[in-house]
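The chain contents come next:
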Amino acid sequence: MDIGKALKLCRTVKDLSLEAVAERAEISVSYLSRIENHQREPTLSLVGKLADALAVPTPVLIFLASDSSELSGLDAETEKQFAELALKLIRQS
């Protein structure tokens, strides 16, 4: 699972700065940067706060953080459809 990748993707799609997301999540910019750069692992409660700060449903953020081995029960086409739907949800919220 790569929460940092998912956070950065959501933040970029929504055109939000590190500062804006960190402020909304009530954490420091440096801590958020470390999470995005795989230097820190957030707690589950912080993942929820970050999802709220990004206005993205927590399950969508976790899905985007999942790697192929964690999605082994899904065929490639279903995985692709879920990814497209997740990105659509991010853009709409």
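Scroll up for the structure.
Residues numbered from 1 in each chain as written. Predicted model: local features only at pLDDT ≥ 70, side-chain atom pairs only at ≥ 80, totals over all residues. Heavy atoms only, no water.

1. Considerations on the packing of helix H2 (residues 18-25) against helix H4 (residues 44-54)
At step 1: Between H2 and H4, whose axes approach to 8 Å, the crossing angle comes to 120°. As judged from the angle between their axes, H2 and H4 are oblique. The handedness of the crossing between H2 and H4 comes out as right-handed. Residues Val21, Arg24 and Ala25 of H2 form the contact with H4, whose participating residues are Lys49, Leu50, Ala53 and Leu54. (Axes fitted to C-alpha atoms, helices over the stretch in contact; angles between N-to-C directions. Helix = DSSP H or I, 4+ residues; strand = E, 2+ residues; numbered from the N terminus. Parallel < 35°, antiparallel > 145°, perpendicular 65-115°, else oblique. Left-handed = near helix turned anticlockwise from the far one by under 90°. Contact = heavy atoms within 4.5 Å.)

2. Structural notes on the pattern of salt bridges
At step 1: Tallying each qualifying case throughout the model produces two salt bridges.
At step 2: Note that Glu36 is salt-bridged to Arg11, the shortest N-O span being 2.8 Å. Placement of the pair is Glu36 in helix H3 (residues 29-36) and Arg11 in helix H1 (residues 3-13), with a sequence separation of 25 residues. Take Glu36 and Arg11: they sit in the same class, and that class is buried.
At step 3: Across the salt bridge formed by Glu26 and Lys49, the nearest N and O atoms sit 3.7 Å from each other. Placement of the pair is Glu26 in the loop between H2 and H3 and Lys49 in helix H4, with a sequence separation of 23 residues.
At step 4: Classification of Glu26 by relative accessible area gives exposed; the value is 66%. (Salt bridge = Lys/Arg side-chain N within 4 Å of Asp/Glu carboxyl O. Buried < 20%, exposed > 50% of the residue type's maximum accessible area, 1.4 Å probe, protein only.)

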